[in-house]
Amino acid sequence: MTTSGTPATAPPSAEEPALHRAIGPKLLVLFVIGDILGTGIYATTGKVAGKVGGALWVPFAIGFVVAILTAASYVELVGKYPKAAGAALYTQKAFKTPFLTFIIAFMVMCSGLSSASAAARAFSGDYLGELTGDALPPTLVAITFILALAALNLRGVAESVKANVVLTLVELTGLVIILAIGAYAVLSGDGEPSRLTDFEAGDGTAYALMTGVLGATALGFFAFVGFEDSVNMAEETKDPVRTFPRAIFIGVAVTGAIYVLVALVSSLLVDYKVLEGSSGPLLEVVKAGGIDFPHKLFALIALFAVTNSALINIMMASRLCYGMANERILPRAMGKVLPRRRTPVVGIVFVSLLAIGLVSTGEIEGLGDTTAFLLLCVFAVVNVAVLVLRRDPVEHRHFRTPTALPVLGAITALILASPLADRPAEVYIRAGVLIAIGIGLWVVNKVVLRTRGEE
């Protein structure tokens, strides 16, 4: 249940202005929905179909269950500790191991950046090609895209969140169009219902079927990531203790229902092999739907959708840098705020440069799967942390999740992060490189603190 209480937030630093509390309950719900919707469903649906076949809706249904388990843990923790650092803060309070805290924080930040990079790659793919005829270099388009979002982020949270509201409404419109096409197809007797129970996995053995479904769920889980980002907006939300539970649960429930329905429509109308071969799978659904909806208009809607995903992830990664700097996990310079705009300027520049590096070296499926893998590892830790932190009561009342949910959340996250999910080796390699970079940064930060006598 949601209960009232006064959030115990840290006082603003004497050197830096506090973040501006500009986000109310309705805006936060749209923020969560907009953060979850976007690149995952618009761009990776086909790749999920390639792993599981026509039963495309199954991975999204399983992903919804896994997401709601971990969302319940995040709701309890953000109610107890309404600060911007998110998973890093919870890990430090639960395990009091600075090295683990830094690695978790760095993994969360990198997951946001790989997600934004996947969105940038999706932006430069088939949807843009429908409008431009593939005349523009994809990598150059993706890099320019990241730079434009960084500039918007620098203007301020109010401008960025308002842009998110507009983009959320646009991407919702696109998915409603897909659902309307599906309803028309069902009423007209079009489509192939037999595809909905068609599993295509490896050699057809039970083990191949299991790993195929797990692999599809792990990749499809990329479509659900985003609710965890919203907790990093706690210091910019009005009364976060009361606001977050409803916003996160509504956001995950709405998006989960939409995803399953969109997956059903996609499989009903388009063969999974056609979906697999496209970086704009929902455009294939529009083309096959029997309704004369302008293809270029839908491509434009899809571009707005992936733009929203990238914008929110760049925002969240920069806020995570700000939160880590305040917790002394990163150097204080990472928490520098523009006095006039009150945005974390150093964090925005830093994460944008990293995103450019990722978008220059990865493709959408690999970047999406990397995002899911990193967050599944983080989710396993967060689900354990919520149980450990039951020993740390706070003075204000807050949401408390049933104990069984974080237990199941940790188990399912670990299974989907394991090799049982039939994940390509490149994903583990990319994640390993990112973690190695994190360890290097940790060593540098320790040296700086020791040199200054602040350790």
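Look a little higher up for the structure.
Model, not experiment: these values are computed from the prediction.

Describing the overall build of the protein chain
For step 1, the next point in the chain: Each helix and strand counted, the protein chain has 19 helices and 0 strands in total.
For step 2, the next point in the chain: By the compact-globule yardstick of 23 Å for 455 residues, the protein chain fits well, its C-alpha radius of gyration being 21 Å.
For step 3, the next point in the chain: Considering the protein chain as a whole, with its 455 residues, one finds that 58% of them fall into the buried category.
For step 4, the next point in the chain: Pairs at least 24 apart in sequence give 84% of the contacts found in the protein chain among residues at least 6 apart.
For step 5, the next point in the chain: As displayed, the protein chain offers around 17100 Å² of accessible surface, 66% of which is attributable to carbon and sulfur atoms.
For step 6, the next point in the chain: Positive and negative charge centroids in the protein chain, built from 34 and 33 side chains respectively, lie 12 Å apart.

As for the environment of E130
For step 1, the next point in the chain: In this fold, E130 is placed in helix α7 (residues 126-132).
For step 2, the next point in the chain: Through-space distance from the C-alpha of E130 to that of S114 is 25 Å; in sequence the pair is 16 residues apart.
For step 3, the next point in the chain: Aside from chain neighbours lying at most four places away, what touches E130 is L283, K287, H295, K296 and A299.

Overview of a nonpolar patch on the surface
For step 1, the next point in the chain: A cluster of nonpolar side chains, Y207, M210, L387, V407, I411, I415 and L420, forms an exposed patch at the surface whose accessible area comes to about 580 Å².
For step 2, the next point in the chain: Looking at the nonpolar patch, the elements that each hand over two or more residues are α10 (206-220) and α18 (404-417).
For step 3, the next point in the chain: Looking at where M210 falls in the secondary structure, it is placed in helix α10.
For step 4, the next point in the chain: On the basis of relative accessible area, M210 is assigned to the partly exposed category, the value being 38%.

Considering the environment of S124
For step 1, the next point in the chain: Its location among the elements puts S124 in the loop between α6 (98-123) and α7.
For step 2, the next point in the chain: Counting along the chain gives 179 residues from S124 to L303, while the straight-line C-alpha distance between them is 8.8 Å.
For step 3, the next point in the chain: Beyond its immediate sequence surroundings of up to four residues, S124 is in contact with P138, V141 and A142.
For step 4, the next point in the chain: A polar contact is formed between the side chain of S124 and the backbone oxygen of R121, at a distance of 3.0 Å.
For step 5, the next point in the chain: A polar atom in the side chain of S124 sits 3.4 Å from the backbone oxygen of P138.

A few points about the pattern of salt bridges
For step 1, the next point in the chain: This model, assessed by the stated rule, comprises 4 salt bridges.
For step 2, the next point in the chain: Among the ionic pairs, R390 bridges to E76, the shortest N-O distance being 2.8 Å. A residue pair is termed long-range when its members are at least 10 positions apart, and R390 in the loop between α17 (364-388) and α18 and E76 in helix α4 (residues 57-80) qualify at 314 residues. Both residues of the pair, R390 and E76, belong to the buried class.
For step 3, the next point in the chain: Residue E426 is joined to R430 by a salt bridge in which the shortest nitrogen-to-oxygen separation is 3.3 Å.

Details of the side chain of T217
For step 1, the next point in the chain: Checked against the element boundaries, T217 lands in helix α10.
For step 2, the next point in the chain: Under the relative-accessibility criterion, T217 is labelled buried at 0%.
For step 3, the next point in the chain: Polar side-chain contacts of T217 include one of 2.8 Å to the backbone oxygen of V213.
For step 4, the next point in the chain: Contact partners of T217, with chain neighbours within four places excluded, come to P59, I62, G63 and L416.

Focus on unusual backbone geometry
For step 1, the next point in the chain: The residue K96 is not glycine, and still its phi comes out positive at about 50 degrees.
For step 2, the next point in the chain: Its location among the elements puts K96 in the loop between α5 (87-95) and α6.
For step 3, the next point in the chain: Phi angles above zero are rare outside glycine, and D422 is one such case at about 55 degrees.
For step 4, the next point in the chain: Looking at the element boundaries, D422 is found in the loop between α18 and α19 (425-451).
For step 5, the next point in the chain: Judged by its relative accessible area of 48%, D422 is partly exposed.

Definitions and cut-offs
Residues numbered from 1 in each chain as written. Predicted model: local features only at pLDDT ≥ 70, side-chain atom pairs only at ≥ 80, totals over all residues. Heavy atoms only, no water. Helix = DSSP H or I, 4+ residues; strand = E, 2+ residues; numbered from the N terminus. Rg over C-alpha atoms; globule rule 2.2 N^0.38 Å. Buried < 20%, exposed > 50% of the residue type's maximum accessible area, 1.4 Å probe, protein only. Contact = heavy atoms within 4.5 Å. Areas by Shrake-Rupley, 256 points an atom, 1.4 Å probe, with all protein chains shown as cover. Lys, Arg positive; Asp, Glu negative; His and termini not counted. Charge placed at Lys NZ, Arg CZ, Asp CG, Glu CD. Patch = residues over 30% accessible without salt bridge, like charges linked within 9 Å, V, L, I, M, F, W, Y side chains within 5 Å. Salt bridge = Lys/Arg side-chain N within 4 Å of Asp/Glu carboxyl O. Polar contact = N/O pair within 3.5 Å; in protein donor to acceptor, adjacent residues only side chain to side chain.

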